[in-house]
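Below, each chain spelled out in residue letters.
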Amino acid sequence: MGHEGPYLQLRPLGGGREWDAAPARVRPLGPAELLSARVAEANARSRTGLGLGGIRGSPHTDGAKDLGR
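Peer 1: Quick question: what am I supposed to make of the overall build of the protein here?
Peer 2: A tally of helices and strands in the protein yields 2 helices and 3 strands. Each helix and strand of the protein, placed in order from N terminus to C terminus, yields the pattern β-β-β-α-α. Every one of the 69 residues in the protein was classed for burial, and the buried ones make up 7%. Partitioning the intrachain contacts of the protein with sequence separation of at least 6 by distance along the chain shows that 3% fall at a separation of at least 24. Roughly 6,000 Å² of accessible area belongs to the protein as shown, and the carbon and sulfur atoms make up 56% of that amount.

Put into structure tokens, the structure is as follows:
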């Protein structure tokens, strides 16, 4: 997120074109919105084959390594 003059410049979580927003109309995500965004990101990663390794708090992708194999 950045700013240009009196406006904040926002971009969708999944990437895309940015837009200008008045600071008075912007608020932090609520818990349900944040969970929904993280689930959408995890689902997108699973569809593209990137796995979950880059998501904070996710389990390790190589269980055999954890078992000393």
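Peer 1: Please clarify how the environment of P12 should be interpreted in this entry.
Peer 2: Along the polypeptide, P12 turns up in the loop between β2 (7-10) and β3 (19-21). Not counting residues within four places of it along the chain, the set of residues in contact with P12 comprises R17 and W19.

Peer 1: What is the right way to look at the pattern of salt bridges in this model?
Peer 2: Going through the model one piece at a time under the given rule, you end up with 3 salt bridges. The partner of R11 in a salt bridge is E18, and the shortest N-O contact between them spans 3.0 Å. Put simply, E41 and R45 hold a salt bridge, and the shortest N to O gap is 2.9 Å. Pair noted here: E41 and R45 are both in helix α1 (residues 31-48), with a separation of 4 residues, about one helical turn. By relative accessible area, which is 23% here, R45 ends up partly exposed.

Peer 1: What should I look at first to understand a nonpolar patch on the surface in this one?
Peer 2: A surface patch of nonpolar side chains, amounting to about 310 Å² of accessible area, comprises L13, L29 and L34. In this structure, L13 sits in the loop between β2 and β3.

Peer 1: Would you explain the environment of P23 in this entry?
Peer 2: Considering the arrangement of structural elements, one finds P23 in the loop between β3 and α1. The sequence separation of P23 and L8 amounts to 15 residues, and the corresponding C-alpha distance is 6.2 Å. Every residue in contact with P23, bar those within four places of it in the chain, is listed here: P6, Y7 and L8.

Peer 1: Sorry if this is basic, but what is going on with the confidence of the model for the protein here?
Peer 2: Predicted coordinates in areas of low pLDDT are best not read in detail. Residues at a pLDDT of 70 or more form 62% of the protein, whose mean pLDDT is 76. At the low end of the mean pLDDT range in the protein sits helix α2 (residues 63-66), at 51; at the high end sits β3, at 92.

Definitions and cut-offs
- Residues numbered from 1 in each chain as written.
- Predicted model: local features only at pLDDT ≥ 70, side-chain atom pairs only at ≥ 80, totals over all residues.
- Heavy atoms only, no water.
- Helix = DSSP H or I, 4+ residues; strand = E, 2+ residues; numbered from the N terminus.
- Buried < 20%, exposed > 50% of the residue type's maximum accessible area, 1.4 Å probe, protein only.
- Contact = heavy atoms within 4.5 Å.
- Areas by Shrake-Rupley, 256 points an atom, 1.4 Å probe, with all protein chains shown as cover.
- Salt bridge = Lys/Arg side-chain N within 4 Å of Asp/Glu carboxyl O.
- Patch = residues over 30% accessible without salt bridge, like charges linked within 9 Å, V, L, I, M, F, W, Y side chains within 5 Å.
- pLDDT = per-residue confidence, 0-100.

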